[in-house]
Amino acid sequence: MKVYISVDIEGCAGITHWDEAEKNHADWQEFREQMTREAVAAIEGAQIAGATEILVKDAHSSGRNIIASMLPADVRLIRAWAGHPLCMVQDLDETFDAVMMIGYHSSAGSEENSLAHTLSHDAAEIRINGRRASEYLIHSLASSMLGVPTVFVSGDLGLMMEIEEVNPHVGRCAVKEGRGQSTISMTPAAATKAIREGAAAALRGNLKESLLEVPEHVIVEITYSNPVLAARHQWYPGMEHVGNRTVRFETNHYFDVLRMLNYVT
């Protein structure tokens, strides 16, 4: 079994403020360690379920957060960014059996996580065929495009509620929930235990049930916080400025969406 694990930080246990997610800030060290512990828990769960090859992507900000020395010897780690449209699932291909997403979070426009956003802070909201899009949705559609199901996700409760609507077969683990600028969270030890058990259970299930249906026709609408960005990005090929800080993109190929997002978010 070959498993890909994409790891973010804003959905990890306890993290509440942007200072805690920013490299070189004094508060970041504690939460890069928790991000690493949650990644290790997912790795251990995958190995319990029989995974023989595991590739981990550090998918937060600089891509240089996970403490490599804390990872088991028999995994590989992707650090930083290649600039590829697959973005947070860079180097995923059809040879993998499953994807897991750890430390993921609610989408831009959500009130379920004080750190909610999608891809960058520029977009106030991204919608795919009318549905508000999280980084889970964008990259789970990407994995499904390759025929690889995203079978397990950990993060905040708001994201788990979104996944329940998108595909209830996906294994889920809510390690915290948002209350305005505050969080109610599991302890680090409880979160890693839940992730380890949840990852193992998900990989023992019917993996293909977690595949999403990739739409044949895709309409993406991006609303920016800054109107200047909407004016600028309307010049991306196929993009239309529809007003109110919003641009619109249509295509019959989901990879076109990933390529576009790589340039305008």
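All values derive from a computational prediction rather than experimental measurement. (Residues numbered from 1 in each chain as written. Predicted model: local features only at pLDDT ≥ 70, side-chain atom pairs only at ≥ 80, totals over all residues. Heavy atoms only, no water.)

## Quick word on the overall build of the protein chain
- For the protein chain, the helix and strand inventory stands at 6 helices and 12 strands.
- In terms of overall dimensions, the protein chain is globule-like: its C-alpha atoms have a radius of gyration of 17 Å, near the 18 Å expected for 265 residues.
- Seen along its three principal axes, the alpha-carbon backbone of the protein chain occupies a region of about 50 × 40 × 30 Å.
- In the protein chain, which comprises 265 residues, the proportion classed as buried is 54%.
- For the protein chain, long-range pairs separated by at least 24 residues make up 67% of all intrachain contacts whose partners lie at least 6 apart in sequence.
- Here the protein chain has roughly 11000 Å² of accessible surface; of this, 48% comes from carbon and sulfur atoms. (Helix = DSSP H or I, 4+ residues; strand = E, 2+ residues; numbered from the N terminus. Rg over C-alpha atoms; globule rule 2.2 N^0.38 Å. Buried < 20%, exposed > 50% of the residue type's maximum accessible area, 1.4 Å probe, protein only. Contact = heavy atoms within 4.5 Å. Areas by Shrake-Rupley, 256 points an atom, 1.4 Å probe, with all protein chains shown as cover.)

## Re the sheet that holds strand 6 (residues 131-132)
- Pairing is antiparallel across the open sheet formed by 5 strands, whose spatial order is 6-5-10-12-11. Unpaired on one side and paired on the other, strand 6 and strand 11 (239-243) mark the two borders of the sheet.
- Sheet topology note: the strand 5 (residues 123-128)/strand 10 (residues 218-224) ladder contains 5 bridges and is antiparallel. Bridging from a neighbouring strand, R127 pairs with E221 of strand 10.
- Of the strands in this sheet, strand 5, strand 10, strand 11 and strand 12 (246-251) touch helix 6 (residues 254-264), which is tilted by about 15° from strand 10. (Pairing = 2+ DSSP bridges. Axes fitted to C-alpha atoms, helices over the stretch in contact; angles between N-to-C directions.)

## Brief notes about the pairing of strand 9 (residues 182-185)
- Note that strand 8 (residues 171-179) and strand 9 share 4 bridges and pair antiparallel. Within strand 9, the position partnered with E177 by the bridge is I184.
- Joining the antiparallel neighbours strand 8 and strand 9 is a turn of 2 residues, in which G180 adopts a positive phi near 65°.

## Focus on the side chain of H233
- Mapped onto the secondary structure, H233 falls in helix 5 (residues 227-233).
- A relative accessible area of 13% places H233 in the buried class.
- The residues contacting H233, other than those within four sequence positions of it, are Y224, M239, Y263 and V264.

## Considerations on the state of the cysteines
- With the rule as written, the count across this model stands at 0 disulfides.
- Between C87, a cysteine without a disulfide, and C12, which holds the nearest cysteine sulfur, the sulfur-to-sulfur distance is 17 Å.
- Residue C87 is classed as partly exposed on the basis of its relative accessible area of 22%.
- Cysteine C173 remains unbridged, with the sulfur of C12 as its closest cysteine sulfur at 11 Å. (Disulfide = S-S within 2.5 Å.)

## Some thoughts on the packing of helix 1 (residues 28-48) against helix 4 (residues 188-203)
- With their axes 7 Å apart at the nearest point, helix 1 and helix 4 run at an angle of 30° to one another. Regarding the angle of helix 1 to helix 4, the classification is roughly parallel. For the pair helix 1 and helix 4, the crossing hand works out as right-handed. Residue-level inspection shows Q34, R37, E38, A41, A42, E44, G45, A46 and I48 of helix 1 in contact with helix 4, the latter providing P188, A191, T192, I195, R196, A199, A200 and L203.
- Split into classes, the residues belonging to the contact of helix 1 with helix 4 amount to 10 nonpolar, 3 polar and 4 charged. (Parallel < 35°, antiparallel > 145°, perpendicular 65-115°, else oblique. Left-handed = near helix turned anticlockwise from the far one by under 90°. Nonpolar A, V, L, I, M, F, W, Y, C, P; charged D, E, K, R; others polar.)

## Quick word on the packing of aromatic side chains
- Applying the stated rule across the entire model yields 3 aromatic pairs.
- Geometrically, the ring pair formed by Y4 and F96 is edge-to-face, given 5.7 Å between the ring centres and 75° between the ring planes. Of this pair, Y4 sits in strand 1 (residues 2-7) while F96 sits in the loop between strand 3 (75-78) and strand 4 (98-104), placing them 92 residues apart in sequence.
- When its relative accessible area of 0% is taken as the criterion, Y4 is described as buried. (Phe/Tyr/Trp six-rings, centres within 6.5 Å; stacked < 30°, edge-to-face > 60°.)

## Some points on the nonpolar core
- Core analysis: the largest hydrophobic core is formed by 45 residues, its most contacted members being Y136, V153, I222, Y254 and M260.
- Taken together, the elements giving at least two residues each to this core come down to strand 4, strand 5, helix 2 (135-145), helix 3 (157-166), strand 10, helix 5, strand 12 and helix 6.
- If you tally residues by element for this core, the top one is helix 6, at 6 residues. (Core = buried A, V, L, I, M, F, W, Y, C linked by side-chain atoms within 4.5 Å.)

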